Amino acid sequence: MQTRRQFALTATACALASRAQFSPSQSRSFYRNPILGGDHPDASPILVGNDFYLTHSSFDYVPGLLIWHSHDLINWRAVAAGLKNYDGNIWAPYLCEYQGHFYLYFPANGVLKVIHAPHPEGPWSEPIDLGIKAIDPAHIAENGKRYLYMAGGQMAELTPDGLAIATPPRKVVDPWPMPASIRMECTCMEGPKLIEHNGYFYLNLAEGGTAGPATSHAVISARSRHAIGPWEFSPYNPVVHTASRDDRWLSEGHGRLVDTPDGRWYITVHAYENGYRALGRQLLLLPVEWTPDGWWRIPNSAKADGPLPMPVAGATQQPFFDPSDDFTAADLGLQWAFWQEYDKARFTTGSGALILNAEGKSVEDSPALTTPVGGHSYTVEIDIEVTPECEAGLLLFYSPQHYTGIHVGPKGIAIKIPSGSTRDPGVKGVARATFRIVNDRQEVDFYYRLPSQSWKRTEFSSEISGMQHNVLGGFLDVRPALYACGAGHATFRSFRYWPQAQPPA
């Protein structure tokens, strides 16, 4: 049953889809990967009419389960958040439509839950606990019956409303045997994604481990005449896979198929960028072609690191979203997310200032306010004013234990480097300063400017390439962040971002 689309699949559309194969010679402009820079892993895109929506893992950040909208699969804008409150560590959500209603299945601290809404932009319900310990849920329906797949090849039947489990999970598919010649992290069969197309159900799986060696992780495909199997594996497996540790995109995997209104097919996958794992798993888009015998594959001419024709004619790739903020709105924009907390009583924003009450004794117990960004180099800047017992700063944040940054507080201005050491530039007795962090290809410089004075660069710099999952765990990324700890409050003004290294003139 084709339930994602709001119109029937006609014979004309079938004929169009059969002709819509990938061709670099088509008169379209081109895009380059990534289509979302920075950490946006486990993406789950769908087509709704002529629009595209997706969500992705939000881990310990809140608001969580951001909903992104696009007209062309390339240029994305955050339009809503499925979760307004912290509900645990969230991996690999699954956005889907069934009979005109929208569902978002997700694991929170390893327990499956669901929220639902009349439209992808909400309003979304409160989370409903499905009572299953698992990760990576995926929804499919056949003949009025609804099923939920999950990691490990497990599947459970859902109740007709999709909001509860009707039968206990059972195993319905085993891993595809990855060749012994592939260096991988583990078998780790996870990330199921399902569609129905031309009389078959297609199940895409992730195998090989989502990090570790560069050639780990892959997209494995299988198909069946029924939503519950039995499943046969594709002769093109692994359909997506990093061939060499010398490639630009490493650990490519976790793919979901999506079609366009004119019948073209694509797959989103995530990958680490060679030399820049600290950016997390970035979102890539690859074209898909269907073979005469009914399998899908990536065309030989389509390379993740090359120019690819835009999916929608007339569209052009735009720069990534600029998270700069003057704090004039009455609430925080969707570019911002707190670590493990969203306490509206703790902050106010508007009239050009974000006032954040101090919490905790250090970054380790003071939930940071973060914004993910992409790019090999970038610059961030903010004006900070603190009350006498408050410490506040501008960070490049991986986790509460791993970060680098510059702050002002009762002891003056100081710099923290990733090893945990604090450096003192000797600036005491100040309560306000403008800070600038310049990330120049993972080497980081710190600048400060006191009121009515000129910029000064500190003699202390840091290096952040080791702030990534293969070293620290957590599947996280390095992102700009603000924090306030101690007592009293901090006032933040004029957050600025440049997508390049931009030392003060």
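Bear in mind the structure is a predicted one, so any value in this text is a computation, not a measurement. Within any chain, residue numbers begin from 1 and follow the written order of that chain's sequence. Only residues with pLDDT of 70 or above have their local features reported here, since the model is predicted, and side-chain atom pairs are shown and tallied only from 80 upward, although totals for entire chains, interfaces and linings are computed over all residues. Calculated side-chain values reflect all of the structure's heavy atoms, with hydrogen atoms and water omitted.

Draft legend 1. Inspection of the overall build of the protein chain at higher detail. If you tally the helices and strands in the protein chain, you get 2 helices and 38 strands. With C-alpha atoms as the basis for the radius of gyration, the globule rule is written as 2.2 Å multiplied by the number of residues raised to the power 0.38. A compact globule built from 505 residues should have a C-alpha radius of gyration of about 23 Å, and the protein chain, at 23 Å, falls within 12% of that. Reported as C-alpha extents along the three principal axes, the dimensions of the protein chain are approximately 75 × 45 × 45 Å. Taken across its 505 residues, the protein chain has 60% of its residues classed as buried. Residue contacts are counted whenever heavy atoms from the two residues lie within 4.5 Å of one another. Considering only contacts in the protein chain between residues 6 or more positions apart, those separated by 24 or more positions represent 59%. Counting from the N terminus, the helices are DSSP H or I runs at least four residues long and the strands are E runs at least two residues long. Under the scheme applied here, a residue whose accessible area is under 20% of the maximum for its type counts as buried, over 50% as exposed, and between as partly exposed, the area being computed with a 1.4 Å probe on protein chains only.

Draft legend 2. Structural context of the sheet that holds strand β10 (residues 128-133). Should DSSP find at least two bridges between two strands, the strands are taken to pair. Taken together, 4 strands build an open sheet; the order of strands is β7-β8-β9-β10 and the sheet is antiparallel. Where the open sheet ends on each side, the last strands, each with one partner, are β7 (94-98) and β10. Averaged over all pairs of adjacent strands, the angle between strand axes in this sheet comes to 25°, irrespective of strand direction. Of the strand pairs in this sheet, β7 and strand β8 (residues 101-108) are connected by 5 bridges, and their pairing is antiparallel. Residue pairing in the sheet places E97 in a bridge with F102 of β8. To obtain an axis, a line is fitted to C-alpha atoms, over the contacting stretch when the element is a helix, and the angle between two such axes runs from 0 to 180 degrees between their N-to-C directions.

Draft legend 3. Main features of the sheet that holds strand β21 (residues 265-273). One open sheet accounts for 4 strands, arranged β20-β21-β22-β23; its pairing is antiparallel. This sheet does not close on itself; its edge strands, each paired only once, are β20 (249-259) and β23 (296-297). Bridge count for β20 against β21 is 7 bridges, and the pairing is antiparallel. In the strand pairing of β21, D259 is matched with W265.

Draft legend 4. Representation of the pairing of strand β5 (residues 64-70) within the structure. Most of β5 is tucked away, with 7 of its 7 residues classed as buried. In this structure, strand β3 (residues 51-54) lies alongside β5, joined through 3 bridges in antiparallel fashion. Bridge pairing in β5 links Y53 to H69. Here β5 pairs with strand β6 (residues 77-83) via 5 bridges, running antiparallel. Note that in β6 the partner of G64 across the bridge is L83. The antiparallel hairpin formed by β5 and β6 contains 6 residues in its connecting segment, where L73 sits at a positive phi of about 75°.

Draft legend 5. View of the state of the cysteines. When two cysteine sulfur atoms are found within 2.5 Å, that pair is recorded as a disulfide. Under the counting rule described, the total for this entry stands at 1 disulfide. There is a disulfide in this structure between C186 and C188, and the S-S distance comes to 1.7 Å. Taking the sign of the torsion about the S-S bond as the criterion, the disulfide between C186 and C188, at about -105°, is left-handed. For C186, a relative accessible area of 23% puts it in the partly exposed group. Using a relative accessible area of 31% as the deciding quantity, one classes C188 as partly exposed. Summary of cysteine pairing: C485 is not part of a disulfide, and the nearest cysteine sulfur, belonging to C390, is at 6.7 Å. Taking relative accessible area as the criterion, C485 reaches 2% and is therefore assigned buried.

Draft legend 6. Broad picture of the environment of L482. Summarising the element assignment, L482 is placed in strand β37 (residues 479-486). Taking relative accessible area as the criterion, L482 reaches 1% and is therefore assigned buried. If we ignore the near neighbours within four places in the chain, the residues touching L482 are W336, L354, A368, L369, I382, G393, L394 and F492.

Draft legend 7. Quick look at the environment of R432. Within the secondary structure layout, R432 lies in strand β34 (residues 432-440). Take R432: its relative accessible area is 31%, and that puts it in the partly exposed class. A sequence separation of 47 residues divides R432 from E385, and the C-alpha atoms of the two residues are 4.2 Å apart. Not counting residues within four places of it along the chain, the set of residues in contact with R432 comprises D383, I384, E385, L450, P451 and R493. We define a polar contact as two N or O atoms separated by no more than 3.5 Å, with the added condition that, inside protein, one atom must be a possible hydrogen donor and the other a possible acceptor, whereas residues neighbouring each other in sequence contribute only through side-chain atom pairs. Within the structure, R432 has its side chain in polar contact with the side chain of D383 (distance 3.0 Å).

Draft legend 8. Summary view of the packing of aromatic side chains. Stacked, tilted and edge-to-face are the three classes assigned to paired rings of Phe, Tyr and Trp, where Trp is represented by its six-membered ring and a pair needs centres within 6.5 Å; plane angles under 30 degrees give stacked, over 60 edge-to-face, the rest tilted. The full count for this structure, using the stated rule, is 14 aromatic pairs. Between W339 and F397, the ring centres sit 5.8 Å apart and the planes meet at 70°, which makes this aromatic pair edge-to-face. Here the residue W339 occupies a position in strand β25 (residues 337-339), and F397 occupies one in strand β30 (residues 390-399), the gap between them amounting to 58 residues. Across the pair, exposure class does not vary: W339 and F397 are buried alike. Whether a charge lies above a ring is judged from NZ of Lys or CZ of Arg, which has to be within 6 Å of the ring centre and within 35 degrees of the ring normal. When the ring centre of W455 is taken as reference, the NZ or CZ atom of R436 above it lies at 5.1 Å.

Draft legend 9. Region of the structure containing the pattern of salt bridges. Any Lys or Arg side-chain nitrogen located within 4 Å of an Asp or Glu carboxyl oxygen qualifies as a salt bridge. Here the structure, examined in full by the defined rule, presents 21 salt bridges. In this structure, the salt-bridge partner of D383 is R493, at a minimum N-O distance of 3.6 Å. Residue D383 is found in strand β29 (residues 377-386), and its partner R493 is found in strand β38 (residues 489-498); the two are separated by 110 residues along the sequence. What makes R493 partly exposed here is its relative accessible area of 24%. The salt bridge partner of D424 is K428, with a shortest N-O separation of 2.7 Å. Each of D383, E385, R432 and R493 takes part in salt bridges that share partners, so that together they form one network.

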